[in-house]
Amino acid sequence: MTNIPATGRTPRVTIRLVALQILVFSLLLTLGGRLWYLQIRNGDEYAHEAASNHVQQVVQPATRGAILDARGVPLADNETRLVVSASRTDLLKMDDDGKAVLDRLAGVLGMKPEEVREKVRLCDAKTPQPCWNGSPYQPIPVTDEATTQQALQIRERAEDFPGITAEPTAVRRYPAPAKSRTSQVLGYLSPVTDDEIAEAKNSRSPLLRSDQIGRSGLERSYDKYLRGKAGVTRYEVDNLGRVIGQDRSDKSVAGSSVVTSIDSRVQGVAEKELDGAMKEARKQMDRNTNRHYEADAGAVVVMEAKTGRVVAMASNPDYDPNAWVGGISGKDYSRMTSKKSNYPLLNRAIQGQAAPGSIFKVVSTAAAVNAGYDFNGGYNCGSSYSIGGQVFKNFESQSHGAIGLGRALEVSCDTVFYALAHQQWKKDGGLKPDKNSKDWFFKTAHQFGLGKETGIDLPNEVRGRVPDRHWKKAFWKANKDSWCKQAKAWPGKKDFQTLLAREGCLEGMKLHAYDAVNYSIGQGDTLVTPIQMASIYSAISNGGTLYNPSVGKAVVSPDGKHVDEIEPTAHGKLPVTKKTMSQMDDALAGVATRGTAAWRFGGWPQDEIPMHAKTGTAEVYGKQTTSWFATYTKDYSIVMTISQGGTGSGASGPAVRNIYNALYGIDAKGGIDKKRALLPEPQKKLPKIEKDGSIESQPVKPYKPEEPSDSDTMEQAAAVERRRG
């Protein structure tokens, strides 16, 4: 007999079969559930993703809009160039990461191999420029100056240059009409980054990997209008990459043009005069330091007095915006960002801040009147003013006796303002201020718009500083630890820095008498920008309205059918009565005719074009004096400053006078030639827009100043000698 059942299966085999059946059933159930999840519950989502995997996009960059001056002259536009680009995606597929291809490319382009490799490497914290800071998946421009012959070599020998393209492309151009670079105002472009693409994904203006965006100046402020919208064509491809159909196509939309209030002719004159004034200042000897003035930086602003629109804005040192087109070289980048070149990327008209010196006295004059002092009162203009053991001298220790505030502005008498500020400081409680202290001198400065941005339509404007009691306390809290640590060296160490640290540690939170008197003449911790002072002097000219300075004047659509004009916007009024405003206006006219600026406005047609001015020479610890010159007519205000340049009228005065000569057509003897005048009154109308959307550009003829005669030169030299004597 046998123990095998009739079925031929032992119990052990039966158990194994049942377990196997359960396992198979479980696997089938799991697979079925997964199929249900993928095909039914999430079927649409995965179908969409699968379809996406078979769609390739071809991007057609939009033509960037132009930036035009007030007469339609292009300040920034586009031109077609042969651009050679490299695809990192293709190069990295090669065994040597594309090194051999890039070396061959360098030979064709006449570049050094390391220069080409630097162009296509990616930027990071450890990689200096030049490098690519855009998307690694976007073709990287190697040069935008390829010749036709070079492009043909690359295209005809495509097998030697995989991943390399040579195509005609529209690239940015900064033509510098009338030799006006306008560099810091215009700004520059650079490739978009992946982070910026992600950030703009759900915005009204999403970015593509091919986009270039504005990094500074108008290019940045008006980027969303200038950039336009890139075209995208989506192709359906099979798994071998062959096109099997077109899915969808979005046409590119060109960017809008921005018309500005800049006049390229006046801009060219402003840049030339600023540069010339700085070069001339470097020839002059500083009697305080017994060395030539360094004149290391400067700025000038020409503004429409009744609107706040900027006609010209120059900052020195400057740079050529074209250096950024097609990728900046390492040499250019180093020059633009180095201390040696004094950081030309900075727009010192809105980012340069310094003590204003005596051009601040218009604020102190208004403050004194608001505090109850009579404009025509008799105030002693002695050679010095003493507070305790400290003596504060008048400029060059001059004395003018008892004078009113108007005459104090004309001769720029420091001691009058010292006394007024000191008296008001004591009225407010001195070192123990009253809870309801008026602080008129500080309050008035805030009302004049100081200590905050003007609101100009350019990025990265700085605020300046009004060093009032609140600021003193905040500054002390931020620095007391370091001050007190340094002060521990006292009394063993009694150098100036240790004494200063000790004073800051113990009483840095208090507003002292010397703080108040220095502040009254625009010294001490006071900081302003040229654009702030241009706004203030424009407001005095127009009767008291503070406008937001503006450069953009209109945005014009590519077809010319939509024109969005940018109207002037006011943000406040000067805290000055009409009577006081008229008195200050007369005094500032006196500065130009019989005061500290008179020697620079000899022969000016004052009856036809009343000139108003204020000079300023600001002292800076450890540096040479800063030159300031603030002026206005009924049409314009012009403010110029030169760091380490000397006196206001001495260094900046002639340049400002020459800019006015160009605006109004004034000759060396004070005659008015309207045919030579560049802009005798502000440009009100926009340039003509044609039916096809193009904007008419007026001819540009660079301004050529009239050469002074020998007698004029001798008179000017005599005036300089009288001033120095």
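Shown above is the structure to which this text applies.
Computed from a prediction, not measured in an experiment: that's the story for all the values here.

Across its full length, the chain carries 24 helices and 25 strands. Taking 27 Å as the expected radius of gyration for a compact globule of 725 residues, we find that the chain reaches 34 Å, considerably beyond that expectation. Long-range pairs, those at least 24 residues apart, make up 69% of the contacts in the chain with a sequence separation of at least 6. For the chain, the accessible area works out to roughly 36800 Å², and carbon and sulfur atoms hold 51% of it. Between the mean site of the 96 positive side-chain charges and the mean site of the 83 negative ones, the chain shows a separation of 5 Å.

It is worth spelling out the pairing of strand β16 (residues 384–387) at this point. Note: β16 against strand β17 (residues 390–393), four bridges, orientation antiparallel. Paired with Y385 across the bridge in β17 is F392. Taken together, β16 and the strand that follows it, β17, pair antiparallel across an intervening segment of two residues, in which G388 is found at a positive phi of about 65 degrees.

Let's shift gears to the state of the cysteines. Enumeration over the complete set of coordinates arrives at three disulfides. A disulfide bridge connects C123 with C131, and the sulfur atoms are separated by 1.9 Å. Where C123 bonds to C131 through sulfur, the torsion about that S-S bond is close to 100 degrees, and the disulfide is right-handed. Linked covalently through their sulfurs, C381 and C413 form a disulfide whose S-S length is 2.1 Å. With the S-S bond torsion at 115 degrees, the cross-link from C381 to C413 turns out right-handed. With a gap of 32 residues between them, C381 in strand β15 (residues 379–381) and C413 in the loop between α15 (405–411) and α16 (414–427) connect regions that are remote in the sequence.

Across its 18 residues, helix α11 (residues 264–281) extends 26 Å between first and last C-alpha, which sits within 8% of the 26 Å expected from 1.5 Å per residue. Of all 18 residues in α11, 13 are buried; the element is thus mostly enclosed. Residue D263 occupies the N-cap position of α11, its side-chain oxygen lying 2.9 Å from the main-chain nitrogen of R265.

Okay, the pattern of salt bridges next. Applying the stated rule across the entire model yields 25 salt bridges. Residue E79 is joined to R81 by a salt bridge in which the shortest nitrogen-to-oxygen separation is 2.6 Å. A relative accessible area of 19% places R81 in the buried class. The salt bridge partner of E280 is K283, with a shortest N-O separation of 3.7 Å.

Time to look at unusual backbone geometry. Across the chain, the bulk of peptide bonds are trans and the bulk of non-glycine residues have phi less than zero. Cis peptide bonds are those with omega within 30 degrees of zero, and the linkage from Q129 to P130 qualifies with 5 degrees. The topology assignment puts P130 in the loop between α5 (113–120) and β4 (140–143). In this structure, the amide linkage connecting W490 to the following residue, P491, adopts the cis form with an omega of 10 degrees. Mapped onto the secondary structure, P491 falls in the loop between α18 (469–487) and α19 (496–507). At T182, a residue that is not glycine, the phi angle is positive and equals roughly 55 degrees. Relative to the assigned elements, T182 resides in the loop between β5 (164–173) and α7 (183–186). Within the chain, N342 stands out as a residue other than glycine whose phi angle is a positive 60 degrees. Mapped onto the secondary structure, N342 falls in the loop between α12 (330–337) and α13 (348–351).

Packing of α16 against helix α20 (residues 513–520) brings their axes to within 8 Å, and their N-to-C directions diverge by 140 degrees. One element, α16, and the other, α20, form an angle in the oblique class. Along this stretch, α16 crosses α20, giving a crossing that reads as right-handed. Contact residues: F417, Y418, A421, H422 and W425 in α16; A513, A516, V517 and S520 in α20. A breakdown of the residues in the contact of α16 with α20 according to their chemical character gives seven nonpolar, two polar and no charged.

In this section: the sheet that holds strand β24 (residues 626–632). Pairing in this open sheet of five strands is antiparallel, and the strands run β14-β13-β25-β24-β23 from one edge to the other. Of all strands in the sheet, those with a lone pairing partner are β14 (310–316) and β23 (612–618), marking the two edges. Strand after strand, the sheet turns through a mean of 5 degrees between neighbouring axes, direction not considered. Set on the sheet, α11 makes contact with β13 (297–304), β14 and β25 (636–643); between it and β14 the angle comes to about 30 degrees. Packing against the sheet, helix α23 (residues 648–664) makes contact with β13, β23, β24 and β25, and its axis sits at approximately 145 degrees to β25.

Right, let's get into the nonpolar core. Within soluble globular proteins, side chains that are nonpolar tend to cluster in buried spots. If you look at the biggest cluster of nonpolar residues, it comprises 124 residues, and the most contacted ones within it are M313, Y537, I540 and L663. Once residues lying within four places of it in the same chain are set aside, the contact partners of I540 are V362, L574, M581, M584, L588 and Y632.

Attention now goes to the pairing of β23. Burial of β23 is extensive: six of the seven residues sit out of reach of the surface. Pairing between β23 and β24: seven bridges, direction antiparallel. Across the sheet, A613 pairs through a bridge with T631, a residue of β24.

Here we take up the side chain of S183. Mapping S183 onto the fold places it in helix α7. At 3.0 Å, the side chain of S183 forms a polar contact with the side chain of Q184. Excluding anything up to four places from it in sequence, S183 contacts D318, Y319 and P321.

Interaxial distance between helix α4 (residues 99–109) and α5 falls to 8 Å at its minimum, and their mutual angle equals 120 degrees. With respect to each other, α4 and α5 are oriented oblique. Once α4 is placed against α5, the crossing between them reads as right-handed. Between α4 and α5, the contacting residues are K99, L102, D103, L105 and A106 on the first element and P113, V116, R117 and V120 on the second.

Below, the discussion takes up the packing of aromatic side chains. Considering all chains together, one arrives at 16 aromatic pairs under this definition. Between F601 and W604, the aromatic rings sit 6.0 Å apart at their centres with planes inclined by 80 degrees, giving edge-to-face as the arrangement. Per residue, the accessibility class of F601 equals that of W604, and both read buried. Three or more aromatic residues link up through ring pairs in this structure, and these residues are F601, W604, F629, Y636, Y660 and Y664. Geometry around W599 places R600 over its ring, the cationic atom sitting 3.9 Å from the centre.

With that settled, the discussion passes to the environment of P139. Mapping P139 onto the fold places it in the loop between α5 and β4. It is 9.1 Å that separates the C-alpha atoms of P139 and V120, two residues lying 19 residues apart in sequence. Ignoring anything within four residues of it in the chain, the contact list for P139 reads S85, A86 and W132.

On to a nonpolar patch on the surface. A cluster of nonpolar side chains, contributed by L17, L20, L23, V24, L27 and L28, occupies part of the molecular surface with about 550 Å² of accessible area. With respect to the helices and strands, the residue V24 is situated in helix α1 (residues 11–41).

Let us now look at the environment of A598. Residue placement: A598 occurs in the loop between α22 (578–593) and β23. C-alpha of A598 to C-alpha of G451: the two residues are 147 residues apart in sequence and 31 Å apart in space. When neighbours within four sequence positions are excluded, A598 is seen to be in contact with V591, A592 and T593.

What counts, and at which threshold
- Every residue gets a number counted from 1 within its own chain, in the order that chain's sequence is written.
- Given that the model is predicted, a residue must reach a pLDDT of at least 70 before its local features are reported, and side-chain atom pairs must reach 80 or more before they are shown or counted; all residues, however, enter totals for whole chains, interfaces and linings.
- The side-chain figures draw on all heavy atoms in the structure; neither hydrogens nor water molecules are used.
- The secondary structure listing takes helices from DSSP runs of H or I that are at least 4 residues long and strands from runs of E that are at least 2 residues long, numbered from the N terminus.
- Between the two quantities, the radius of gyration covers C-alpha atoms and the globule rule is 2.2 Å times the number of residues to the power 0.38.
- Whether two residues are in contact is decided by their heavy atoms, any of which lying within 4.5 Å being enough.
- Accessible surface area values rest on a Shrake-Rupley calculation with a 1.4 Å probe, where residue burial reflects the displayed protein chains alone.
- His residues and chain termini do not enter the charge count, which takes Lys and Arg as positive and Asp and Glu as negative.
- The atom standing in for a charge is NZ when the residue is Lys, CZ when it is Arg, CG when it is Asp and CD when it is Glu.
- A strand pair is defined by DSSP finding two or more bridges across the two strands.
- Two cysteine sulfur atoms form a disulfide, by the criterion used here, when they sit within 2.5 Å.
- The span expected for a helix works out to 1.5 Å for each residue beyond the first.
- We call a residue buried when its accessible area falls under 20% of the maximum for its residue type, exposed when it is over 50%, and partly exposed in between, using a 1.4 Å probe and counting protein chains only.
- Polar contacts, as used here, are pairs of N or O atoms within 3.5 Å; protein pairs need one atom able to donate a hydrogen and one able to accept it. Residues neighboring in sequence count only if both atoms are side-chain atoms.
- Throughout this description, the term salt bridge denotes a Lys or Arg side-chain nitrogen within 4 Å of a carboxyl oxygen of Asp or Glu.
- The angle between two axes is taken between their N-to-C directions and runs from 0 to 180 degrees, where each axis is a line fitted to C-alpha atoms and a helix contributes only its stretch in contact.
- We call two directions roughly parallel when the angle between them is under 35 degrees, roughly antiparallel when it is over 145, roughly perpendicular when it lies between 65 and 115, and oblique otherwise.
- Definitions for this section: a left-handed crossing has its near helix turned counterclockwise from the far helix by less than a right angle. A right-handed crossing has that turn clockwise.
- In this count, Pro and Cys sit with the nonpolar residues alongside Ala, Val, Leu, Ile, Met, Phe, Trp and Tyr, while Asp, Glu, Lys and Arg are called charged and the others, Gly among them, polar.
- Within this scheme, the nonpolar core is defined by two criteria: the residues are buried Ala, Val, Leu, Ile, Met, Phe, Trp, Tyr or Cys, and they are joined through side-chain atoms within 4.5 Å.
- Here is the rule: rings of Phe, Tyr and Trp (six-membered ring for Trp) pair when centre to centre is within 6.5 Å. Planes less than 30 degrees apart are stacked, more than 60 are edge-to-face, and the remainder are tilted.
- We call a charge positioned above a ring when the Lys NZ or Arg CZ atom is no farther than 6 Å from the ring centre and deviates by at most 35 degrees from the ring normal.
- Patches here are clusters of residues that have more than 30% relative accessible area and form no salt bridge, with a 9 Å joining cutoff for like charges and a 5 Å cutoff for nonpolar side chains (Val, Leu, Ile, Met, Phe, Trp, Tyr).

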